[in-house]
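# Observations on chain architecture
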Amino acid sequence: MLASPIINQRLLEHLNTGVLLLDADLTVLYMNPAAEALLEMSGKRCLGVPFFELAIESEEATTALEQAIITGHSYTKREATIQLHNQQQMTLDYSVSPVSHPESRLPSLLVELQGRDRLMRISREEQLIAKQETTRSLVRGLAHEIKNPLGGIRGAAQLLERALPSADLKEYTNIIIEEADRLRDLVDRLLGPRQIPKQEQVNIHEVLERVCQLIDVESGGRINIERDYDPSIPELEADKGQLIQALLNICRNAMQAMLEAQPALEHPQLSLRTRTVRQFTIGHHRHRLVAQIDISDNGPGIPEELRDNLFYPMVSGRADGTGLGLSISQSIINQKNGIIEFVSDASKTIFSIYLPLE
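The written sequence of each chain sets the order in which its residues are numbered from 1. Given that the model is predicted, a residue must reach a pLDDT of at least 70 before its local features are reported, and side-chain atom pairs must reach 80 or more before they are shown or counted; all residues, however, enter totals for whole chains, interfaces and linings. The side-chain figures draw on all heavy atoms in the structure; neither hydrogens nor water molecules are used.

## Describing the overall build of the protein chain
If you tally the helices and strands in the protein chain, you get 10 helices and 13 strands. Within these notes, the globule rule equals 2.2 Å times the number of residues to the 0.38 power, and the radius of gyration is based on C-alpha atoms. Here the protein chain has a C-alpha radius of gyration of 28 Å; the compact-globule value for 358 residues is 21 Å, and the former is much larger. Once the C-alpha set of the protein chain is aligned to its principal axes, its extents read approximately 105 × 40 × 40 Å. Remark: exposure states derive from per-residue accessible area (1.4 Å probe, protein chains only) relative to the maximum for the residue type, with buried under 20%, exposed over 50%, and partly exposed in between. Across the 358 residues of the protein chain, 40% fall into the buried class. Runs of H or I in DSSP of at least four residues are treated as helices and runs of E of at least two as strands, each being numbered from the N terminus.

Next up, the structure:
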């Protein structure tokens, strides 16, 4: 028994793959709901609209579609970057198959779309989390190996200080003790927070307002701080002090980048935005509800050579930076099963912090 056109259409409407039918002029004849969601445009508004007004790619891509109509050959393109009608960019795979229009019998194209952004983001997050765990284990082992002899060096210097015949010679033992203490403090910072987190119900906006106060004081009021808060975000269970430290490290880096920019910025601006995201995947865990905190600045951006290793300890773009702030922030957020991501160009940097709210 042959399936009816109504059944076929219902099947198309329930597919997770975006499906479009284009005529010989590459205008849209049909679009299923999955394609509407991918291209962020309703099917009714798209009817009769040229495909590359909805998904702008390259001239070569348009030529390839036209050639598929002429030659009747199918093809697939992987990880194509397209620009939507709202100027947003996305990455997708698409397959093109020449077919005959069911009514006019004229040549048409069946285009199948698969969004890649979410899968690429999940893969990137899994790699980032794995790298963080590996780095944390390495640093933890190295730190303990350093701290043990440091304790011996410090103790020996203290004993030597007592046995010195002249008080003038204590200057040298003081240097040994002070440098041992400095190295111990550096190792402690590498290890991150050592105290057991004090879990309590925390309002994320109270945390952000505290961070804003600190940044305003440290910058001497030279930075304009914009807020765009979603008041419906529920409280989350976290260590308030650690959360303040994690967000402050990010905001402080943004502040320093803007104030030290060359040429100097006329209007340095820090923007804080909060939203909730439903059914969001972090690594390989799917969360019902997640708080998204975006921290953006209009500074010079993060140098290209630092971006892949930005969350590693001792990686810094500043001559006098320790490179520990972002590593510690990522560690704190990871402990809450969250993650920090960023995008950056020459005029803007956005750090996005995702924290599960379950």
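Having put the structure on the table, let's press on.
## Focus on the sheet that holds strand β2 (residues 28–31)
Here, strands pair whenever DSSP counts at least two bridges between them. The antiparallel open sheet is built from six strands, whose spatial order is β2-β1-β6-β5-β4-β3. Two strands bound the open sheet, and with one partner strand each, they are β2 and β3 (55–56). Relative to strand β4 (residues 75–84), β3 runs antiparallel, the two sharing two bridges. Residue pairing for β4: I56 is matched across the bridge by Q83.

## Let's talk about empty space enclosed by the protein
Detection works on a 1 Å grid of protein atoms alone, calling trapped sets that fit a 1.4 Å probe cavities and calling open sets with protein on both sides within 12 Å along at least five of seven lines pockets, with lining residues defined by an atom within 4 Å of a point. Grid points are joined across faces, edges and corners, and a volume is the space filled by probe spheres set on the points. Counted according to the given criterion, the structure contains two cavities of 30 Å³ or more. Of the volumes computed, that of the second largest cavity is approximately 30 Å³. In terms of lining residues, the second largest cavity is bounded by L39, F51, A55, I82, L92, Y94 and L113. Three residue categories are used. Nonpolar comprises Ala, Val, Leu, Ile, Met, Phe, Trp, Tyr, Cys and Pro, charged comprises Asp, Glu, Lys and Arg, and polar comprises the others, including Gly. Taken together, the residues that form the lining of the second largest cavity break down as seven nonpolar, no polar and no charged.

## A look at the sheet that holds strand β11 (residues 285–297)
Two orientations exist for strands paired in a sheet by backbone hydrogen bonds: parallel and antiparallel. The strand order β8-β10-β11-β13-β12 describes an open sheet built from five strands, whose pairing is mixed. Strands with a single pairing partner mark the edges of an open sheet, and in this sheet they are β8 (224–228) and β12 (339–344). Averaged over all pairs of adjacent strands, the angle between their axes in this sheet comes to 25°, without regard to strand direction. Contacts are residue-level and defined by heavy atoms, with any inter-residue pair within 4.5 Å sufficient. Only the stretch in contact is used when fitting a helix axis, every axis being a line fitted to C-alpha atoms; angles between N-to-C directions are given from 0 to 180 degrees. Packing against the sheet, helix α10 (residues 325–335) makes contact with β12 and β13 (349–356), and its axis sits at approximately 135° to β12.

## Notes on the environment of A130
Within the fold, A130 resides in helix α6 (residues 117–163). C-alpha of A130 to C-alpha of S296: the two residues are 166 residues apart in sequence and 26 Å apart in space.

## Concerning the pattern of salt bridges
Here, a salt bridge means any Lys or Arg side-chain nitrogen found within 4 Å of an Asp or Glu carboxyl oxygen. All told, the structure shown has 12 salt bridges when counted by the stated rule. Residues R182 and E179 are paired through a salt bridge, measuring 3.0 Å at the closest nitrogen-oxygen approach. Highlighted residues: R182 and E179, both in helix α7 (residues 170–191), separated by three residues, approximately one helical turn. On the accessibility criterion, E179 (37% relative accessible area) is partly exposed. Ionic pairing is found between E218 and R252, a salt bridge with its closest N-O pair at 2.6 Å. Of this pair, E218 sits in helix α8 (residues 204–218) while R252 sits in helix α9 (residues 240–259), and the two are 34 residues apart along the sequence. A relative accessible area of 37% means that E218 is categorised as partly exposed. In this structure R252 comes out as partly exposed when scored by relative accessible area, which is 25%. Among the charged side chains, a salt-bridge network with shared partners connects D228, R273, R275 and D294.

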